[in-house]
Amino acid sequence: MKQRSHPTRLGSFLICVLVCLLVSISLIATSIQISMRSRRECTQSRIMRQTSLLVDAGFSRAIEQLEADDEYRGETWKPTISTLGLDGISVEIEASSAQASSSRNDLQVT
């Protein structure tokens, strides 16, 4: 009787398939992880940029208010920017005279 080596070949083939599947799953998982990290970084960068723009807008608003009213000492400004998905944002503006005899004001925007 002649023995066949067919079961051995089939086992080797299945091991190769499993190794290829493992490598593929590993590559897909790494790609997903990189994509998620990139998305988080983009979101964080966008929020930082919007915050910077809001602070700049707060300074501009404070300067306009000081030019219109010498007694302006600040406010809590709530811009309407719901299209950006930033509901509930407020900008705190504080203006104070640097010296009693000076016409210069110190501004703090947060």
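**Looking at the confidence of the model for the protein chain**
Here the protein chain shows a mean pLDDT of 83. Residues at 70 or above account for 79%. Looking at the elements of the protein chain, mean pLDDT is at its lowest for strand β3 (residues 105-109), recorded as 74, and at its highest for helix α1 (residues 6-68), recorded as 91.

**Quick notes on a nonpolar patch on the surface**
A cluster of nonpolar side chains, Leu10, Phe13, Leu14 and Val17, forms an exposed patch at the surface whose accessible area comes to about 370 Å². Relative to the helices and strands, Leu10 is located in helix α1. Residue class for Leu10 comes out partly exposed when judged on its relative accessible area of 45%.

**Considering the nonpolar core**
Membership of the largest hydrophobic core is limited to nine residues, which are Leu54, Ala62, Leu66, Tyr72, Trp77, Val91, Ile93, Ala95 and Val109. If near-sequence neighbours (up to four positions away) are discounted, Ala95 is found in contact with Leu66, Tyr72, Arg73, Gly74, Asp106 and Leu107.

Reading the values: rules and limits
Think of each chain on its own: its residues are numbered from 1, step by step along the sequence as written. In keeping with the model being predicted, local features are shown solely for residues with a pLDDT of at least 70 and side-chain atom pairs are shown and tallied solely at 80 or more, while totals for entire chains, interfaces and linings include all residues. Each side-chain value is derived from all of the structure's non-hydrogen atoms; neither hydrogens nor water enter the calculation. Values of pLDDT, the confidence the predictor places in each residue, fall between 0 and 100. Segments assigned H or I by DSSP are reported as helices when at least four residues long, segments assigned E as strands when at least two residues long, and all are numbered from the N terminus. Think of a patch as exposed residues, more than 30% relative accessible area, with no salt bridge, where like charges cluster within 9 Å and nonpolar side chains (Val, Leu, Ile, Met, Phe, Trp, Tyr) cluster within 5 Å. To be clear on the numbers: accessible area is Shrake-Rupley with a 1.4 Å probe, and residue cover counts the displayed protein chains and nothing else. The term salt bridge refers to a side-chain nitrogen of Lys or Arg lying within 4 Å of a carboxyl oxygen of Asp or Glu. Under the scheme applied here, a residue whose accessible area is under 20% of the maximum for its type counts as buried, over 50% as exposed, and between as partly exposed, the area being computed with a 1.4 Å probe on protein chains only. Side-chain atoms within 4.5 Å are what join buried Ala, Val, Leu, Ile, Met, Phe, Trp, Tyr and Cys residues into a set we call a nonpolar core. In this description, contact between two residues means that some pair of their heavy atoms is separated by no more than 4.5 Å.

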